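# Descriptive analysis of the structure
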Amino acid sequence: MRKYRVYLALLLLLTFPLTGCGLDLSRYTDALYAAQGGREADLDVIPYSEMVYVRPDMEQLEDTLSSAKETAAGTDVSAIIDCVYEVYDAYDAFYTNYSLADIRYSGDLTDEYWETEYNFCADNSPRVDAILEELYYSLAKSPCLAELESEEYFGPGYFDAYQGENNWDAEFTALLEEQSALISRYYELAALGAEFEQGTEEYFAVCYEDMAQVLVDLILLRHEIAAYWGYDDYNRFATDFYYYRDYTVEESRAYLNEIREELVELYCRVNRSDIWENGFPYASEQDTYAYVEQMARNMGGIVEEAFTVMDRGGLYDIRYSENKYNSSFEVYLTSYYEPFVFLCPSLTTYDQLVFAHEFGHFCNDYASYGSYAGVDVLEFFSQGMEYLSLCYVPDNGQLTKMKMADSLAMYVEQAAFAEFEMRMYEIPKIKLSPDALLDLYEEVGDSYGFESLDYDPREFVTINHYYTNPLYIMSYVVSNDAAMELYQLEQETPGTGLARFEENLTTEEYYFLSFLESAGLESPFAEGRIQRVRRTFEEILG
């Protein structure tokens, strides 16, 4: 029987650092910086050890915005663009320092200095995002708007969404600040619980009740945020506002139901087998690093190049420590044009898959100088690298079998987590409480076969995405399917999956289904797709 739970946690460090993969803010970032084509072979690198954190100067940032808004009212396009770049540089510097504080606090949750710096950045991030919004609304009113929307600069129609009233005002910023404060409270509780093994009675005794109440408070607050933007359904709000998904909430629900119907029986059967009896074997930090290195060297090309940069720059932290944040993520340090991987190892071979996962994000960010793709697309590269690693590191038959068992769990468990999340935002406000969440999680967990595991319905408080990245989990479900298709292609014709991975590393496609179509991959919603996935699992797992 499987004796533990694995919750992948990834990161696009923009809105909610110290999280799993974050919410996407590409519509607020620098359109002028977007990568135009592939990465040139330039292996000069600034070592992570030489990167210096500087607490952001908010007063200076406000002054930079004021100057840009004043210049935008004039007729000197060149001066306007110079000011835009100044705001962008300040914005990038803020989030780079936020990322550095996040990495260092994540490395030691008992370090009070980095806790303070992380919280300072977290508290100020809503205002920084609002500053960029204010800039764009000012540019939309500029007498030079026609020139600004030329192909030379932002492009036709770029400021259409910024005509009229700016809703990103003090009221909305205050809501985001309240959200950031609740998220910081969650991590304070997580730090208290870090003294105990996650999921034990001691752990839950210390933090369950408070964590559950924080989630209740976040749900209520997010209903306010959705209502502010004219939505009466937070699920639809998040889908539109944060993710711009080209599939509907209804399609998501139907897909989750199909996973439950097609995969839960196999999932329960595998859980009751002896495959998890010994778990993943021991692996040192050196073993984990060697696995990804061998994979990258065997793949060659841009993947090997990215690994060389990561190696030379020490752009990773995979060391073991009991004080580390219990998750793994990748961030792009924009001011340095370099990605960074953070891993909290379990000291098992599962770390090799997690490191490969985050290195997939690293490759995507390295190749595109910070990816502008949509969140579902981004997860394709991380999960795709996991599957491809199985094909490019020899003599890992047992790891392949364990990965496929875990992948099956990924489909089913993440689907359950996604359904629970959708439904928790549908609980009537008057009935919303920690007990209501507990009952709902148990109901959903039972319907997805969690009774075949040693599971505790209180575990929903350990799933950090519910707190930090609302409605993100669906991205894991659909992108995992697309990533598995790379493995299936690679098995049919060696090199095909890797080629498909590499040729899309610089994509700027925001919409997931559009990306799959352009990449020649099948939609997870396609008829018969989930049945083909089941057959692959059955071939490997029996």
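Since we're looking at a predicted model, the values are computed, not measured.

### Topic: the overall build of the protein
When its secondary structure is counted, the protein shows 19 helices and 3 strands. The C-alpha radius of gyration computed for the protein amounts to 23 Å, which stays within 12% of the reference 24 Å derived for 542 residues, consistent with globular compactness. Along the first, second and third principal axes, the C-alpha set of the protein runs to 70 × 55 × 50 Å. Buried positions account for 62% of the 542 residues belonging to the protein.

### Some words on helix α19 (residues 529-541)
Taking 1.5 Å per residue, 13 residues should reach 18 Å; α19 reaches 18 Å between its end C-alpha atoms and fits that length. Residues of α19 that are buried in the fold lie against α8 (249-271), α13 (397-424) and α16 (473-492). Backbone geometry just downstream of α19 places glycine 542 in the positive-phi region, at approximately 85°.

### Considering the pairing of strand β2 (residues 329-333)
Taking burial as the measure, the 5 residues of β2 include 5 buried ones, the bulk of the element. Hairpin connection of β2 to strand β3 (residues 338-342): 4 residues between the antiparallel strands, including tyrosine 337 at a positive phi of 55°.

### Remarks on the pairing of β3
Among the 5 residues that make up β3, 5 are buried, leaving the element largely enclosed by the rest of the structure. Alternating positions in β3 separate into two faces, Glu338, Phe340 and Phe342 on one and Pro339 and Val341 on the other, with burial throughout. Sheet topology note: the strand β1 (residues 316-317)/β3 ladder contains 2 bridges and is parallel. By the bridge assignment for β3, tyrosine 316 is matched with valine 341. One ladder, built from 5 bridges, connects β2 with β3; its direction is antiparallel. Across the sheet, the residue bridging to tyrosine 332 is proline 339, located in β3.

Parameters at a glance
- Note on numbering: residues in each chain are counted from 1, in written sequence order.
- Totals for whole chains, interfaces and linings use all residues, but because this is a predicted model, local features are given only for residues with pLDDT of at least 70 and pairs of side-chain atoms are given and counted only at 80 or more.
- For the side-chain quantities, the full set of heavy atoms in the structure was used; hydrogens and water were omitted.
- Each helix is a run of H or I in the DSSP string that is no shorter than four residues. Each strand is a run of E no shorter than two, and both are numbered from the N terminus.
- Computation of the radius of gyration draws on C-alpha atoms, with the globule rule given as 2.2 Å multiplied by the number of residues to the power 0.38.
- When accessible area is computed with a 1.4 Å probe and restricted to protein chains, residues below 20% of their type maximum are described as buried, those above 50% as exposed, and intermediate ones as partly exposed.
- Here a helix's expected span is defined as the number of its residues, less one, multiplied by 1.5 Å.
- Residue contacts are defined here by distance: any two heavy atoms, one from each residue, within 4.5 Å place the two residues in contact.
- A strand pair is defined by DSSP finding two or more bridges across the two strands.

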